[in-house]
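Chain by chain, the residues run as shown.
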Amino acid sequence: MQPNIMLLTDSYKLSHYKQYPAGTSQIYSYFESRGGEFESVTFFGLQYLLKEYLEGKVVSQAKIDRAAKMYAAHFGTDKLFNKEGWEYILHNHNGYLPIRIKAVPEGMVIPTHNVMLTIENTDPNCFWLTNFLETLLLQLWYPCTVATISREVKVMITKYLEETGDPLTIDFKLHDFGFRGVSSVESAGIGGAAHLVNFMGTDTVAALSFIQEYYNTDGMFGFSIPAAEHSTITSWGRENEVQAYRNMLTQYPEGLVAVVSDSYDIYNACEHLWGEVLKEEILGRNGTLVVRPDSGEPKDVVLKCTEILGVKIGFTVNEKGYKVLNPKIRIIQGDGVNYESIGEILEHLKKHGWSADNVGFGMGGALLQKVHRDTQKFAFKCSCATINGMDRDVYKDPVTDHDKKSKKGRLKLVKEDGKYLTKALHEDGEDILRTVFENGLILEEIDFEGIKENANS
Ligand code: AOY
């Protein structure tokens, strides 16, 4: 079913058009992160929202009639829904939204507490429309938060690679395992794409078509490899575990192959099955076997597996003084992985002389689902209202929580001496915010390659 913009909001928004002061002709609002887990956030996901929900003729008489009927039943009265307002947009703007949106280019990393997006009505009769769109636009919190976490993990792993290994391997160090743990296919596409702003490894196939559909490309931005799951190992029977593993090596004779190895005893699998029975097949193979533990305390299990495989398959010491397993074998940890445990695992390996080169990570729930709007405290607030032709600063500053204080006036984002700053629109400095949407049209698009470049500079 086609989206109906009149139905994509909170119920109370329907009653707001009558609540602004008489003489209101413009409402101007902005989007920011008011702090949270990390000090900077990656802006991502707006072009998807614009293309999916806001671009073009989004108002028709049929949609108005459907919304009118819905709200009459929902509220028990047909007095609340602003039917005349929407018919005004249909008749005077051909159903195109009289709205202007300015935003930071997607992929850019901005310190919290700065303006990232502004929105205002372009027709004075449609002052009520600006904040009607808050509900939809605030959902930007999700792709921005996922891209932010993924980037912070990238920063941390890069630090360990610089100290103990090869930083050029970073693109495949964090693999997205999160599809099954998210609340919908749509969230998998959005969140999975947000991860691929920073990395190149994913098992979330929904992200691939999402990027192609909304970010102007037919390119491939996520890669994966053959990998076992428990059923493909345990279906051979407990006594045939080694045959199940050998089958993986023979079915995929070249390149990377990952094998979950904790079905019965991960340490026995590393020491005797991979480390003895199958050792020559691993060493003779033209590629890399990736052993995947999937239970236990992550930092202990990863270290112990690394130590066992080091003894059994061999290792060298790199120029940074850290041990690196024989390149025919690596480890991927996907269980219990989050920002904290990745740091613990890498620190534990380092403390015992092992390079970060030995390990990759799969992250599911902690990447795509264990996040919420307050992880980075995203907010959308009105900062300016034009009333009887005069601009008024609009803000909140609750005595009960001054962290919820909002900005005042019309805003711009500038970079001065290498630092991002939010200023009044009339002050000096080139605005980093770009007008991406005006009167129903997308004025400027970006492709996924451009987003990755922004994220990297
Ligand atoms: N995938 C790297 C490629 C993917 C996966 C997906 C939940 C992979 C496993 C692996 O090596 O082991 C969803 C759990 C695992």
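Everything numeric in this text was worked out from a predicted model, so none of it was measured. (Residues numbered from 1 in each chain as written. Predicted model: local features only at pLDDT ≥ 70, side-chain atom pairs only at ≥ 80, totals over all residues. Heavy atoms only, no water.)

**Quick word on the overall build of the protein chain**
Then, number 1: Within the protein chain one finds 16 helices and 18 strands.
Then, number 2: Residue burial in the protein chain is summarised as follows: out of 457 residues, 53% are buried.
Then, number 3: Looking at charge distribution, the protein chain has the averaged site of its 48 positive side-chain charges lying 4 Å from that of its 62 negative ones. (Helix = DSSP H or I, 4+ residues; strand = E, 2+ residues; numbered from the N terminus. Buried < 20%, exposed > 50% of the residue type's maximum accessible area, 1.4 Å probe, protein only. Lys, Arg positive; Asp, Glu negative; His and termini not counted. Charge placed at Lys NZ, Arg CZ, Asp CG, Glu CD.)

**As for the nonpolar core**
Within soluble globular proteins, side chains that are nonpolar generally end up buried alongside one another.
Then, number 1: One finds W86, I101 and W274 to be the most contacted residues of the largest nonpolar core, which totals 137 residues.
Then, number 2: The element best represented in this core is helix α6 (residues 141-164), accounting for eleven residues.
Then, number 3: Two domains each put at least three residues into this core: domain 1 (5-144 + 371-456) and domain 2 (225-345).
Then, number 4: Residue contacts for I101: discarding those within four places in its chain leaves L46, L50, L54, L117, T118, I119, L137, R434, T435, V436 and F437. (Core = buried A, V, L, I, M, F, W, Y, C linked by side-chain atoms within 4.5 Å. Domains from an automatic or database assignment. Contact = heavy atoms within 4.5 Å.)

**Topic: the site of the ligand**
Then, number 1: Every residue lining the ligand is accounted for by H175, F177, R180, D203, S224, I225, A227, A258, R292 and I332.
Then, number 2: Residue D203 places a side-chain N or O atom 2.8 Å away from a nitrogen atom belonging to the ligand.
Then, number 3: Burial of the ligand by the protein chains amounts to 86% of its free accessible area of 390 Å².
Then, number 4: Split by residue class, the shell around the ligand holds five nonpolar, two polar and three charged. (Near = heavy atom within 4 Å. Polar contact = N/O pair within 3.5 Å; in protein donor to acceptor, adjacent residues only side chain to side chain. Areas by Shrake-Rupley, 256 points an atom, 1.4 Å probe, with all protein chains shown as cover. Nonpolar A, V, L, I, M, F, W, Y, C, P; charged D, E, K, R; others polar.)

**Some points on helix α7 (residues 185-196)**
Then, number 1: Over its twelve residues, α7 extends 16 Å from the first C-alpha to the last, a length consistent with the 16 Å expected when each residue adds 1.5 Å.
Then, number 2: Along α7, ten of the twelve residues are buried, which leaves the element largely enclosed by surrounding structure.
Then, number 3: Turning to α7, its buried residues number three or more, namely S187, A188, G189, I190, G191, G192, A193, A194, H195 and L196.
Then, number 4: On its buried side, α7 packs onto α1 (46-54), α6, β6 (174-176), α8 (206-214), α15 (365-368) and α16 (448-455). (Expected span 1.5 Å × (residues − 1).)

**Examining the sheet that holds strand β8 (residues 286-292)**
Then, number 1: Strand order in the open sheet formed by five strands is β6-β12-β11-β8-β7, and the pairing between neighbours is parallel. Both edges of this open sheet fall to β6 and β7 (254-260), since each of them pairs with a single strand only. When the angles between neighbouring strand axes are averaged without regard to direction, this sheet yields 25 degrees.
Then, number 2: Sheet topology places β6 next to strand β12 (residues 359-363); three bridges connect them, and they run parallel. (Pairing = 2+ DSSP bridges. Axes fitted to C-alpha atoms, helices over the stretch in contact; angles between N-to-C directions.)

**Digging into the side chain of K13**
Then, number 1: Here K13 is to be found in the segment before β1 (24-33).
Then, number 2: On the basis of relative accessible area, K13 is assigned to the buried category, the value being 6%.
Then, number 3: With residues up to four places along the chain from it excluded, the contact list for K13 reads N131, F132, E134 and T135.

**With respect to a nonpolar patch on the surface**
Then, number 1: On the surface, F172, M220 and F223 cluster together to form a nonpolar patch covering roughly 280 Å² of accessible area.
Then, number 2: Topologically, F223 is positioned in the loop between α8 and α9 (230-234). (Patch = residues over 30% accessible without salt bridge, like charges linked within 9 Å, V, L, I, M, F, W, Y side chains within 5 Å. Salt bridge = Lys/Arg side-chain N within 4 Å of Asp/Glu carboxyl O.)

**What about the domain arrangement of the protein chain?**
Then, number 1: Here the domain parsing of the protein chain yields domain 1 (5-144 + 371-456) and domain 2 (225-345).
Then, number 2: Just the C-alpha atoms count here: the centres of domain 1 and domain 2 sit 49 Å apart.

**Remarks on the pairing of strand β3 (residues 99-103)**
Then, number 1: Of all five residues that make up β3, four are buried, and the element is covered over most of its length.
Then, number 2: Of the strand pairs in this sheet, β3 and strand β5 (residues 117-121) are connected by five bridges, and their pairing is antiparallel. Bridge pairing in β5 links K102 to T118.
Then, number 3: Sheet analysis places β3 next to strand β17 (residues 434-438), joined by four bridges and oriented antiparallel. Across the sheet, K102 pairs through a bridge with T435, a residue of β17.

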